[in-house]
Each structure stands twice: as C-alpha cells, then as structure tokens.
Amino acid sequence: METFITVKEMCHSYTAHDGQQVMALDHINLSIYEGEFVAIIGANGSGKSTLAKHFNALLLPSSGQCLVKGLDTSDHDNIWPVRQRVGMVFQNPDNQIVATVVEEDVAFGPENLGIEPTEIRRRVTESLKVVDMEEYRHHSPHLLSGGQKQRVAIAGVLAMHSDCLVLDEPTAMLDPKGRQEVLSTVCKLHKEEKITVVYITHFMEEAVVADRVIVMNSGKVVMEGLPSEIFSQVTLLKELGLDVPVAAEMAYRLRQHNIDLPKKIITDEELVVTLCP
Amino acid sequence: MSIILKDISYIYMAKTPYEKIAIKNINIEIKQGEFVGIIGHTGSGKSTLLQHLNGLLKPTMGQVTVEGQDINSKDEAALHGKQRVGMVFQYPEHQLFEETVYEDIAFGPRNMGMEEAEVERRVKKAMEFVGLEHEQFANRSPLQLSGGQMRRVAIAGVIALEPAYLILDEPSAGLDPRGRDEIFGQIIKLYENTDITVVLVSHNMEDIARMANRLIVMNDGQISLDGSPADIFRDCQSQLKKAGVDVPPLTLLMNKFNQRGLTVDESVVSMDAAIDSVLTAVRRR
C-alpha cells in the first residue's frame, strides 16, 4: 500500500504561560496509508489534535518532517496543494459553517479553488448526495441538527475533491443519533469512495471500527495496532486515562475469574457468541 | 422543599412562520435531595426545560415555583428563589472572562452582594471542591488553562454560589474518560456530603445509570418516561428507542446475553454487578 501521509521525527514545541518550552509532539514517526481508516485516541493534552493539524499544514513541525503525498508541508509552495488533498472537520459544528444556505457552504471550497460554476454545481450535488443531505440543500444551516451540520462540513471537504479526511472529535458535541449519522457517513466514504480517514475520538466504540488504532500519550505514539490488539490491553489503556469498550472490559474481567476467553474479543457480538455458542 | 413545574408550555418565536412548541404541558416536581437525570435526543426540549428551572426562560403558559416561590413574579422573593438554583451550561468554559481564576469564581458571589471575606471563603471552598490548588491557580489567567481545568473553574463559579439545586447540562462533553470521571467524582461527593439536589442532562447513559436515582426521558417536548433508571433501562427499551435515546452499553450487552439464552440481570448499572451476574449464569450452566 502506498503511503498518503508520512511523518518523520516530527516535533512541535511552543512556549507556555510560564515561559517554558512545551513539547506537544515529541519525535513522532508515523505513516498513514492510502485508503486506510486510522483512529487516534489519547487523553486530553496528549497531542492528538496538534498532530492532526500538521496533516494539512494548519501547524508546521518545529523539527522533523510531515509529507503529504510526498509534499513537504514546511515548504510554503506546498500549502495549498496539501490543503486541497487533506480536508479537516472539527469538533464544533457551529464553528465551521460560513454560509447562510447549505449549498453555498459546500460550494465555498471549490469557489475558492477557482472552479467553473457548472462544475461547482455538479460537485455540490454529488457531495450532498454522498452525505445524504441533498434534500436540505436550500436550507439554512443554523436550523440543522448537530449531526446534519457535521455532514454538511464533510460535504464541503468532498466538494474540494480531497482524498483524505481528518476529523478531530467530530461527534463530541452530538447526541447518540447524531454520532451514529456521522460515523456511518465516514464509514461509507471510507468503503465506497476509498477516502483515507484519520479519526480522532474519545469514544472507544467509534475507534473499534477503524482499520488501525494509534494511541497517544504526552506527545508520543505509545501504542499502535489493530483495534482488537489495542483494546484487549485493558490495564494499559486505563493507566493512560482511557476507556475500553464494555465488551473488552467484561472479557478481561471474566478471564481474571478463570473463564476461558480469547484475548481478541472487543465487541458485544464476539463476547456473546463466544459465551453462548 | 422542591422545584415545581406546573402546566408549563413554551413556544419559540410565537406568531411567526417559525413558531415552534418546544415543550408542552410539563408537570414535574423535583424534590430536595434527588439526583435527577434527564435524557432525550437533540430537539426533544431538554434545554428549554432546564432554562425554566432558574427563570432564564419564562413559560408561555404555566408556573414555576422554587420552594413555594413563583420565580417569574417581579418581587424580591422571586430573585431569591432563582438564586437557589445554580446552572452549569454546556461548555461552561466559553463563559470564562475574568483576568484571574480567583476573580472569575468571585464574580457570582460578589454579584449577590456578599462581603469580601465571605467571597474569599467561598472561592477557596469552591476551588478545593473542583480540585484546583488555590496557591497554584488563583492568580493564573483562566483562559490559559487546559480544557479540563477551564471546565473546573467554570463549575467552581457556580458552586461558589452555594446553590440548593445544581443543574448541569452535559458537564462531561468533550472531556477524556479521566476528566469525565474526575468531574463526576466531585459531583457525587458534593451530592453525598451535602443536601444538594442535582439535575443532570447527559447523552452518556452509562453515567446517568450509575449516578441518578430518578430518570426523566423527554421526547417531542413532553415527558415520556419518569422513574428509576434501573427500571426504565430494563423495562422500557422500546420506548427509549422511540424517544431516540440509547440504553447504556452495559444494559445493551446484558440484553444480548439474554437473547442468546444466557439468563443475566439486565437492571445492573455497574461492571462489578454485571460480572457477578454473568459469572453466576455461566457457572450455573
């Protein structure tokens, strides 16, 4: 598989209120492959968001390198090509919608790229269709639900023809229904449109659906692997201040009571089927 | 001693094309010492309901009384009634504005006309309660703290008002699991050690199941369920689904065991109790 984003020995430091240098990212080495769905988890302040902001050059490395499709984000000439390829969706649905009509908001990106109006229309229709928001194209965004707003934001990224979507806790402010809408939209884009996805979340049950999970702590990548490999390490995750899915925790605790269960169990279905064959 | 909502309805933008009935004919009594969880999907009327509890919204119809006092009347007593109710909004850290943590927390008590010595006592107590070291944080800018710390400063600002009723709208949104456990740990401690009444709105069913002793489910501007969390999560799963809310992940898992023929107790709210129930069932087999 070809790499989409390569991070080499990357550091990011800033000066804190007391004048001390803080290392928000500490020598990160990482590859995100084309078409991959990567979830990043970690406590508040572990460096997840700082890392994600390097993927589309919103932040630049203090040292080391971040390459997007081979383009070095530190090279000023690469900023726009990088941002066109890697689109970002943030936590707060109300902070990222700029227009007063849904379709105008989705058109904002392609308009800025100087694309022909007929092509913009085509892209807006196509993007809204993918996120299942076409019937709302003439609506005012502020009357939409949180989940709908996030889907409009995702459509805005798609209309740029970005092939990598970076989502920074996109469901943190949503209710369970909104969370489900956003997650299934992201899964669909990954499966059907072959979009590369980087998904930051505090909800472990969302991270379970990823191809690979990266765990961050104090500016470093501390664990990396399949969801089943990561979430079976219950004690380690708890030490890092993280949760595990309910089924993973129950399986872990039952094993301590000498119930024979395979280590890779992380979903309800796996646990229930194993215990009640 | 209670908050009583009698026949409350609220209509947004009445007599315009956007007119919307947010809540209708709500009748509830929140008694002193209760820990009430409120759930419901976005747009079900939870926030509208909350804002009636301390007079931020005036009902279109009906009456709100706090400890017998109509809080929407215009006299002095109404103000005192409202001051009994402390409200922590969603993302309360967005409302921090003072230059230091101390000043921000002192703002409320000063506004209530308290002596400076009393203000200081309350600020110190509130900071201790939310786990912020006075020495270390009192003179820092609240705007340069981490997200979790800012949230705690904002909550301390409400705690310093020493409300009899504490209303919290999604206090853990956006916090990591550890931050969430800290905030809830402090709320539980406050609840257990004083006679405070807590009303908690959350999308996290697990937290509600664990902490609340009464659960109110809102749907379409009305109260669709009202009872003990264990009973509701065990017996009313179809109504919960209809109301657009989830049951806690643990209840869901226990439910799946039962469906596959392993008889376990679906009303458990803690992992420890769930493990006991599953172990008993497995060993019985």
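Overview of the structure. (Residues numbered from 1 in each chain as written. Chains lettered and ligands numbered in written order. Predicted model: local features only at pLDDT ≥ 70, side-chain atom pairs only at ≥ 80, totals over all residues.)

1. Some words on the interface of chain A and chain B
Contact residues are listed per partner, giving 29 residues for chain A and 33 residues for chain B. Elements with a minimum of two residues in the side of chain A that touches chain B: helix H6 (176-192), helix H10 (246-256) and helix H11 (268-275) of chain A. Per-element accounting of the side of chain A that touches chain B gives the leading share, 6 residues, to H10(A). For the side of chain A that touches chain B, the class distribution of residues is 13 nonpolar, 10 polar and 6 charged. (Contact = placed C-beta atoms within 7 Å. Helix = DSSP H or I, 4+ residues; strand = E, 2+ residues; numbered from the N terminus. Nonpolar A, V, L, I, M, F, W, Y, C, P; charged D, E, K, R; others polar.)

2. Concerning the sheet that holds strand E3 (residues 35-39) of chain B
Residue and element names in this part refer to chain B. One open sheet accounts for 6 strands, arranged E6-E7-E8-E3-E9-E10; its pairing is mixed. The two strands at the open ends of the sheet, each matched to only one other strand, are strand E6 (85-88) and strand E10 (222-227). When strand polarity is set aside, the average angle formed by the axes of neighbouring strands in this sheet is 15 degrees. Where strand E9 (residues 214-219) lies against E10, 5 bridges are found, and the strand directions are antiparallel. (Pairing = 2+ DSSP bridges. Axes fitted to C-alpha atoms, helices over the stretch in contact; angles between N-to-C directions.)

3. Some details on the packing of helix H3 (residues 102-112) of chain A against helix H5 (residues 146-159) of chain A
Residue and element names in this part refer to chain A. Following both chains from N to C, one finds H3 and H5 inclined at 35 degrees, their axes separated by 7 Å at the closest point. Crossing handedness for the pair H3 and H5: right-handed. Along its contact with H3, which presents Val 102, Asp 105, Val 106, Ala 107, Phe 108, Gly 109 and Pro 110, the element H5 presents Val 152, Ala 155, Gly 156 and Ala 159. Per-class residue counts for the contact of H3 with H5 are 8 nonpolar, 2 polar and 1 charged. (Left-handed = near helix turned anticlockwise from the far one by under 90°.)

4. Examining helix H4 (residues 117-130) of chain A
Because each turn of an α-helix spans 3.6 residues, side chains separated by three or four positions end up pointing in the same direction. Residue and element names in this part refer to chain A. Over its 14 residues, H4 runs 20 Å from end to end, which matches the ideal 20 Å to within 8%, given 1.5 Å per residue. Taken together, the buried positions of H4 are Arg 123, Val 124, Ser 127, Leu 128 and Val 130. Summarising the axial view, the buried residues of H4 lie within an arc of 150 degrees, below the 170-degree limit, and thus occupy one face. Each element contacted by the buried residues of H4 is listed here: H3, H5 and H6. Following H4 by one or two positions, Asp 132 adopts a phi angle in the positive range, close to 65 degrees. (Expected span 1.5 Å × (residues − 1). Buried ≥ 20, exposed ≤ 12 C-beta atoms within 10 Å, placed from the backbone. Arc of directions from axis to C-beta.)

5. Comments concerning unusual backbone geometry
In the Ramachandran plot, A:His27 falls in the positive-phi region, its phi being about 50 degrees despite a non-glycine side chain. In this fold, A:His27 is placed in strand E2 (residues 21-33). Phi angles above zero are rare outside glycine, and B:Asn25 is one such case at about 45 degrees. Locating B:Asn25 in the fold gives a position in strand E2 (residues 20-31).

6. Notes on helix H6 (residues 147-159) of chain B
All names here are of chain B. Here H6 is 13 residues long and its end C-alpha atoms lie 18 Å apart, about the 18 Å a rise of 1.5 Å per residue gives. Counting buried positions along H6 gives 11 out of 13 residues, so the element sits mostly inside the fold. Every buried residue belonging to H6 is among Gln 149, Met 150, Arg 151, Arg 152, Val 153, Ala 154, Ile 155, Ala 156, Gly 157, Val 158 and Ile 159, and all of these are buried. The inward-facing, buried residues of H6 abut E6, helix H3 (101-111), helix H4 (116-129) and helix H7 (177-193).

7. Considerations on the sheet that holds strand E4 (residues 63-68) of chain A
Residues and elements named next belong to chain A. The sheet built from 4 strands is open, its strands ordered E2-E1-E4-E5 with antiparallel pairing. In this open sheet, the two strands that pair with only one neighbour each are E2 and strand E5 (71-72). Direction of pairing for strand E1 (residues 3-15) relative to E4: antiparallel, over a ladder of 5 bridges. Paired with Cys 11 across the strands is Ser 63, a residue of E4.

8. Some points on the pairing of strand E7 (residues 164-168) of chain A
Residues and elements named next belong to chain A. In terms of residue burial, E7 counts as a mostly covered element, since 5 of its 5 residues are buried. On E7, burial covers both faces: Cys 164, Val 166 and Asp 168 on one face and Leu 165 and Leu 167 on the other are all buried. Of the strand pairs in this sheet, strand E6 (residues 86-89) and E7 are connected by 4 bridges, and their pairing is parallel. Among the inter-strand pairings, Val 89 is bridged to a residue of E7, identified as Leu 167. One ladder, built from 5 bridges, connects E7 with strand E8 (residues 196-200); its direction is parallel. Across the sheet, residue Leu 165 finds its bridge partner in E8, namely Val 197.

9. Points about the environment of B:Ile167
All names here are of chain B. Residue placement: Ile 167 occurs in strand E7 (residues 165-169). When the C-alpha positions of Ile 167 and Gln 51 are compared, they lie 9.5 Å apart, and in sequence the two are 116 residues distant. Discounting residues that sit within four places of it in the chain, Ile 167 has contacts with Leu 50, Leu 53, Val 85, Gly 86, Met 87, Val 88 and Val 199.

10. Thoughts on the packing of H3(A) against H4(A)
Residue and element names in this part refer to chain A. Following both chains from N to C, one finds H3 and H4 inclined at 125 degrees, their axes separated by 9 Å at the closest point. As judged from the angle between their axes, H3 and H4 are oblique. In the crossing of H3 with H4, the sense of the turn from one axis to the other is right-handed. Together, Glu 103, Val 106, Ala 107, Pro 110 and Glu 111 of H3 and Ile 120, Arg 123, Val 124, Ser 127 and Leu 128 of H4 make up the contact between the two elements. (Parallel < 35°, antiparallel > 145°, perpendicular 65-115°, else oblique.)

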